[in-house]
Amino acid sequence: MSVYVVTGTNRGIGLEFIRQLSQDHTNIVVACVRSPTSDVGNLQSVIEESKNHNAIILDCDISSAESINRFVETLGKQKILADQKVDFLIHNAALNLKPEMNSLNLEPDVVHQMITANVLGPALLTSALLTAKLLSPKVRIFHISSGLGSMAVSLDHKPRQSAGYSISKAALNMLAVHQAEDIKSHLPGAVVALVDPGWVKTDMGGKNAIYEPSESVGNMLKILHDLKESNNGEYFHHSGRNVPW
Ligand SMILES: NC(=O)c1ccc[n+]([C@@H]2O[C@H](COP(=O)([O-])OP(=O)(O)OC[C@H]3O[C@@H](n4cnc5c(N)ncnc54)[C@H](OP(=O)(O)O)[C@@H]3O)[C@@H](O)[C@H]2O)c1
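The rules behind each value
- Residues numbered from 1 in each chain as written.
- Predicted model: local features only at pLDDT ≥ 70, side-chain atom pairs only at ≥ 80, totals over all residues.
- Heavy atoms only, no water.
- Near = heavy atom within 4 Å.
- Polar contact = N/O pair within 3.5 Å; in protein donor to acceptor, adjacent residues only side chain to side chain.
- Nonpolar A, V, L, I, M, F, W, Y, C, P; charged D, E, K, R; others polar.
- Salt bridge = Lys/Arg side-chain N within 4 Å of Asp/Glu carboxyl O.
- Helix = DSSP H or I, 4+ residues; strand = E, 2+ residues; numbered from the N terminus.
- Phe/Tyr/Trp six-rings, centres within 6.5 Å; stacked < 30°, edge-to-face > 60°.
- Buried < 20%, exposed > 50% of the residue type's maximum accessible area, 1.4 Å probe, protein only.
- Axes fitted to C-alpha atoms, helices over the stretch in contact; angles between N-to-C directions.
- Parallel < 35°, antiparallel > 145°, perpendicular 65-115°, else oblique.
- Left-handed = near helix turned anticlockwise from the far one by under 90°.
- Contact = heavy atoms within 4.5 Å.

S.K.: For this particular structure, what's the right way to read the site of the ligand?
M.R.: In the vicinity of the ligand there are 27 residues, among which Asn-10, Arg-11, Asn-92, Tyr-165 and Thr-202 approach most closely. A distance of 2.8 Å separates an oxygen atom of the ligand from a polar atom in the backbone of Ile-13. Separating a nitrogen atom of the ligand from a side-chain N or O atom of Ser-63 is a distance of 3.1 Å. When the residues that make up the shell around the ligand are grouped by side-chain class, the tally is 12 nonpolar, 10 polar and 5 charged.

Spelled out as structure tokens, the structure:
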């Protein structure tokens, strides 16, 4: 049985991860949502339809160190985990606030919110799980990044898009590059990777997006399950090719 933890799962790409992962009843699936007041109706339906009794919903606000620590403590007490540890950690939750901002009119508070959620959230959650000894020796840490986190891809966008979000995803990419090395002294078999899900039809992606969540998530899960130690620190497109930094 493999243990999956996915953040930001009450809608969009995160919900689709839970839909696909819950189909396999040998999976233990931990679906994280922002807060106890989050609307989890769709998520509950997805879990119920899957009939997977090893899928649970826990709160984890990735913008709050307190919430992250509480989540890790709660996770450690879950009976369904028994002695098992997290095999796959999918950092999916993120914010794209004020996409109309460009580099000349950045609003500091808004950029701070995105750095807190999109960069510090995955950093602190990974560290807290490591410190609590809840990561398996061969854990796969999968960061959902974006093409907008790539300097090379952004150079081709005229006009450039979503400056604040793009900056936060570039910072996330650098976090993953550092994690890929730093985690080795704790868990030599661990792999950290980034993936661009493509332009996906969700609240964030909008209706004009190209991919259905089912296609993007199916592709990303293939990449996740194929990750080898030699892929540590790599940045993938959901199609499987590497994204230029
Ligand atoms: N859709 C695209 O075209 C696209 C393209 C490139 C990259 N991505 C990336 O793919 C991932 C998923 O995007 P999406 O399109 O599914 O976005 P979405 O539809 O906006 O959903 C975002 C999810 O993240 C959660 N979230 C946001 N802030 C959170 C916090 N502080 N703590 C916990 N959960 C939080 C949201 O919860 P609430 O419901 O509580 O707000 C929601 O479940 C993100 O990392 C995004 O950057 C998406």
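Past the structure itself, the notes keep going.
S.K.: Just checking my understanding: could you explain the pattern of salt bridges for this structure?
M.R.: Side chains carrying opposite charge are able to pair once their charged atoms draw close together. Enumeration over the complete set of coordinates arrives at 7 salt bridges. A salt bridge links Lys-201 to Glu-212; the shortest N-O distance between them is 3.0 Å. Here the residue Lys-201 occupies a position in the loop between β6 (191-196) and α7 (213-226), and Glu-212 occupies one in the loop between β6 and α7, the gap between them amounting to 11 residues.

S.K.: I tried to follow the packing of aromatic side chains on my own but got confused; where do I start?
M.R.: If you walk through the whole model with that rule in mind, you get 2 aromatic pairs. Seen from their ring centres, Tyr-4 and Phe-88 are 4.6 Å apart, and the 10° between their planes marks the pair as stacked. Here Phe-88 lies in strand β4 (residues 86-91) and Tyr-4 lies in strand β1 (residues 2-6), a separation of 84 residues in the sequence. Across the pair, Phe-88 and Tyr-4 agree in class, each one buried. Centre to centre, the rings of Tyr-235 and Trp-245 are 5.0 Å apart; their planes meet at 40°, and the pair counts as tilted. In this pair, Tyr-235 sits in strand β7 (residues 235-237) while Trp-245 sits in the segment after β7, placing the two residues 10 residues apart along the sequence. You can call Tyr-235 buried: its relative accessible area is 1%.

S.K.: Quick question: what am I supposed to make of the packing of helix α1 (residues 12-23) against helix α2 (residues 41-50) here?
M.R.: Relative orientation and spacing of two packed helices are given, respectively, by the angle between their axes and the distance between those axes. Look at α1 against α2: their axes get within 9 Å of each other, and the N-to-C directions meet at 15°. When the axes of α1 and α2 are compared, the pair comes out roughly parallel. Like other packed secondary-structure pairs, α1 and α2 cross with a definite hand, here right-handed. Contact with α1, carried on its side by Leu-15, Ile-18, Arg-19, Ser-22 and Gln-23, involves Asn-42, Leu-43, Val-46, Ile-47 and Ser-50 of α2 and no other residues of that element. The residue inventory of the contact of α1 with α2, partitioned by class, reads 5 nonpolar, 4 polar and 1 charged.

S.K.: I would appreciate a short explanation of unusual backbone geometry in the present structure.
M.R.: In terms of backbone geometry, most residues other than glycine have negative phi values and most peptide bonds are trans. In this structure, Pro-159 follows Lys-158 across a cis peptide bond, with omega equal to 0°. Inspection of the secondary structure puts Pro-159 in the loop between α5 (151-155) and α6 (163-182). In this structure, Lys-51 takes a positive phi of about 60° despite not being glycine. Within the secondary structure, Lys-51 is located in the loop between α2 and β3 (55-59). The phi angle at Lys-133 is positive, at roughly 60°, despite the residue not being glycine. Relative to the helices and strands, Lys-133 is located in the loop between α4 (108-131) and β5 (135-144). Among the residues examined, Lys-133 registers a relative accessible area of 60% and is labelled exposed.

S.K.: Looking at this model, I keep getting lost on the packing of α4 against α6. Mind explaining?
M.R.: Packing of α4 against α6 brings their axes to within 8 Å, and their N-to-C directions diverge by 20°. Judged by the angle between their axes, α4 and α6 are roughly parallel. Between α4 and α6 lies a crossing of right-handed hand. Here α4 contributes Val-111, Met-114, Ile-115, Asn-118, Val-119, Pro-122, Ala-123 and Thr-126 to the contact with α6, which in turn contributes Gly-164, Tyr-165, Ser-168, Ala-171, Leu-172, Leu-175 and Gln-179.

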